[in-house]
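Below are the chains, spelled out letter by letter.
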Amino acid sequence: MRKIVLLLALLSLAFADQNPIFLNETYNTGFVKIRKDSDIFYWQFDSRSNPSTDPLVIWLNGGPGCSSLTGLFAENGPFKVNDDLTLSSNAYSWNSNANLVFVDQPVGTGYSRAGFNEFTHNETQIAEDFYQFLLGLYGRFPQFKGKKLFITGESYAGHYIPAISAKIVSENNQWIKLAGSAIGNGLVSPYQQYPEYANFAYENNLIGKVKYNILKGAFWACQQLIKAGVSWLATMEECQLGVTSILGNPLKPKFNVYDIRDKCSTPPLCYDFSNIDKFLALPQVIQALGTQGRKWVECSKPVHLALTADWMLDLSPQVSYLLSKGVKVLVYSGDQDFICNWRGGEKWTYELQWSKQKEFQQTEYTQWQNFGAYKTVDNFTFLRVYQAGHMVPMDQPQAALEMLNLFISGQPL
């Protein structure tokens with residue numbers, strides 16, 4: 001009987017692959033079914049250091065509706081795509097000291113599938129789906145049970161991460177041990193963040209004094225609509241008017257919204273990720289990933305549209321909940337990003353309602369090497385990363401990896 005049980009346990013394991021296409025990194029890919037016709041795709045990489053003891057780190061891109069594989073190839077994954085569609089190794093990959101998983105979520109994102117009428121429309125659904133995904137993932141990888149888990153990501157993942165993390169903590173699953181959550185250039189509290197567009201733009205000479213004073217009034221009106229709970233369409237229209245007045249034509253903005261130092265060559269993403277598209281379309285890559293019959297897209301419009309009413313939701317209460325439960329929270333912001341700028345990140349963390357709010361507000365910034373400046377109180381850290389745009393691991397890969405390694409090892413910056 002014991003032999004049968006052991007055999008069944010072994011059969012349930014997901015077997016890792018190595019492939020010269022992927023530079024012989026040890027990896028797994030697969031789909032976890034979420035609802036009748038919906039699933040979530042993942043790409044998991046073993047730690048380059050010690051897979052058996054290193055923690056589990058999950059990475060989420062934002063959008064909403066943008067694939068985490070963009071982050072894999074352009075930011076913090078094990079490799080980059082060359083112009084000849086081969087890969088080169090990334091020395092600063094986040095699986096240097098962690099088992100790393102890139103997840104295409106919500107359903108319908110990237111390689112993931114959303115069945116008819118099965119798109120998600122709010123963070124409650126997203127958190128529930130992701131928890132079901134985790135149950136499936138841990139079922140396939142029992143070696144992750146009891147390991148420290150860190151949920152990380154950027155941009156609209158500032159909505160996803162607090163919701164997902166709070167769900168994990170509330171479930172109190174003995175095997176899923178959330179130790180920390182890290183949000184990079186995230187949209188967490190639109191109410192607090194929208195007015196900082198004016199401050200950031202003025203500080204960086206993107207607008208003059210007259211427009212700055214006008215925009216302060218416009219964003220005040222934006223806040224009142226958010227506070228009153230006016231329909232998302234009216235609120236979005238008012239709030240985005242101020243943003244558009246800084247950018248100019250959204251289809252041809254005055255600068256790269258993700259890095260004010262550059263021009264936006266290919267709106268709306270402002271970066272040319274076409275090599276990633278071409279690489280993932282190669283027949284040998286499709287076969288290796290097991291994605292036959294799936295069409296990968298960088299960002300899904302249906303997923304984005306399904307979550308439009310979710311945009312103005314304030315996720316900071318979930319961050320407060322995490323801090324009260326002893327979960328470490330790291331908020332980091334590249335200081336050359338406009339769209340989720342560091343002033344907005346600083347503002348919402350400053351206004352966060354938690355037991356150490358006053359102490360956090362009174363804490364001065366400390367320099368972190370030449371990489372940035374931070375403030376930490378107990379299990380909460382805000383970090384400004386110098387000379388980085390929206391995608392910190394892409395612009396400052398060494399700083400991003402050192403930040404992650406310190407965070408997952410429990411060491412202060």
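Residues numbered from 1 in each chain as written. Predicted model: local features only at pLDDT ≥ 70, side-chain atom pairs only at ≥ 80, totals over all residues. Heavy atoms only, no water.

A. Looking closely at the sheet that holds strand 12 (residues 380-385). Pairing in this open sheet of ten strands is mixed, and the strands run 1-2-6-3-7-8-9-12-11-10 from one edge to the other. On the outer flanks of this sheet lie strand 1 (27-35) and strand 10 (366-368), each paired with one strand and no other. Pairs of neighbouring strands in the sheet enclose a mean axial angle of 25°, with direction left out of account. For strand 11 (residues 372-377) and strand 12, the ladder comprises six bridges, and the chain directions are antiparallel. Looking at strand 12, one finds that Gly372 is bridged to Val385. The strands touched by helix 2 (residues 68-76) are strand 2 (38-45), strand 3 (56-60), strand 6 (99-104) and strand 7 (148-155); relative to strand 6, the strand with the most contacts, the crossing angle is about 135°. Here helix 12 (residues 316-324) sits on the sheet in contact with strand 8 (177-186), strand 9 (328-334) and strand 12, set at roughly 135° to strand 9. (Pairing = 2+ DSSP bridges. Helix = DSSP H or I, 4+ residues; strand = E, 2+ residues; numbered from the N terminus. Axes fitted to C-alpha atoms, helices over the stretch in contact; angles between N-to-C directions. Contact = heavy atoms within 4.5 Å.)

B. Representation of the packing of aromatic side chains in the model. Tallying each qualifying case throughout the model produces 36 aromatic pairs. Pairing Phe41 with Tyr111 gives two aromatic rings, centres 5.1 Å apart and planes at 65°, and the pair type is edge-to-face. One end of the pair, Phe41, is in strand 2; the other, Tyr111, is in the loop between strand 6 and helix 3 (123-140), with 70 residues separating them in the sequence. Here the two residues Phe41 and Tyr111 agree in accessibility, since each one is buried. Seen in terms of ring centroids, Tyr271 and Phe273 are 5.9 Å apart; in terms of plane orientation they differ by 25°. Their pairing is stacked. By relative accessible area, Tyr271 is classed as buried at 16%. Looking at Phe273, the relative accessible area reads 12%, which means it is buried. One aromatic cluster is present, formed by Phe22, Tyr27, Trp43, Phe45, Phe73, Phe79, Phe102 and Phe279 through successive ring pairs. In this arrangement the basic side chain of Lys328 is found over the ring face of Phe407, its NZ or CZ atom lying 4.8 Å from the centre. Over the aromatic face of Tyr365 sits the side chain of Lys375, whose NZ or CZ is 5.1 Å from the ring centroid. (Phe/Tyr/Trp six-rings, centres within 6.5 Å; stacked < 30°, edge-to-face > 60°. Buried < 20%, exposed > 50% of the residue type's maximum accessible area, 1.4 Å probe, protein only. Lys NZ or Arg CZ within 6 Å of the ring centre and 35° of its normal.)

C. Representation of helix 16 (residues 397-409) in the model. Taking 1.5 Å per residue as the helical rise, helix 16 with its 13 residues ought to reach 18 Å, and the 18 Å between its terminal C-alpha atoms agrees with that figure. All of the buried residues in helix 16 are Ala399, Ala400, Leu401, Met403, Leu404, Leu406, Phe407 and Ile408. Gly410 occupies a position one or two residues after helix 16 and carries a positive phi of about 80°. (Expected span 1.5 Å × (residues − 1).)

D. Region of the structure containing the packing of helix 6 (residues 196-203) against helix 7 (residues 209-228). The N-to-C vectors of helix 6 and helix 7 enclose an angle of 170°; their axes lie 9 Å apart at closest approach. In terms of orientation, helix 6 lies roughly antiparallel with respect to helix 7. Where helix 6 crosses over helix 7, the handedness of that crossing is left-handed. Where helix 6 abuts helix 7, its residues Tyr197, Ala198, Asn199 and Tyr202 lie against Lys209, Tyr212, Leu215 and Phe219. Of the residues that constitute the contact of helix 6 with helix 7, the class distribution is six nonpolar, one polar and one charged. (Parallel < 35°, antiparallel > 145°, perpendicular 65-115°, else oblique. Left-handed = near helix turned anticlockwise from the far one by under 90°. Nonpolar A, V, L, I, M, F, W, Y, C, P; charged D, E, K, R; others polar.)

E. Just the packing of helix 4 (residues 157-171) against helix 12, in detail. Where helix 4 contacts helix 12, the axes come no closer than 9 Å and their chain directions differ by 40°. The angle between the axes of helix 4 and helix 12 places the two elements in the oblique class. Along this stretch, helix 4 crosses helix 12, giving a crossing that reads as left-handed. In this structure, helix 4 contributes Pro162, Ala163, Ser165, Ala166, Val169 and Ser170 to the contact, and helix 12 contributes Gln318, Val319, Tyr321 and Leu322. Across the contact of helix 4 with helix 12, the residue classes tally to seven nonpolar, three polar and no charged.

F. Quick look at helix 3. Relative to the 26 Å expected for 18 residues at 1.5 Å per residue, helix 3 spans 25 Å between its end C-alpha atoms, a close match to the ideal helical length. Elements in contact with the buried residues of helix 3: strand 1, strand 2, strand 3, strand 6, strand 7 and helix 4. For helix 3, the N-terminal cap is Asn122; the gap from its side-chain oxygen to the backbone nitrogen of Thr124 is 3.1 Å. (Polar contact = N/O pair within 3.5 Å; in protein donor to acceptor, adjacent residues only side chain to side chain.)

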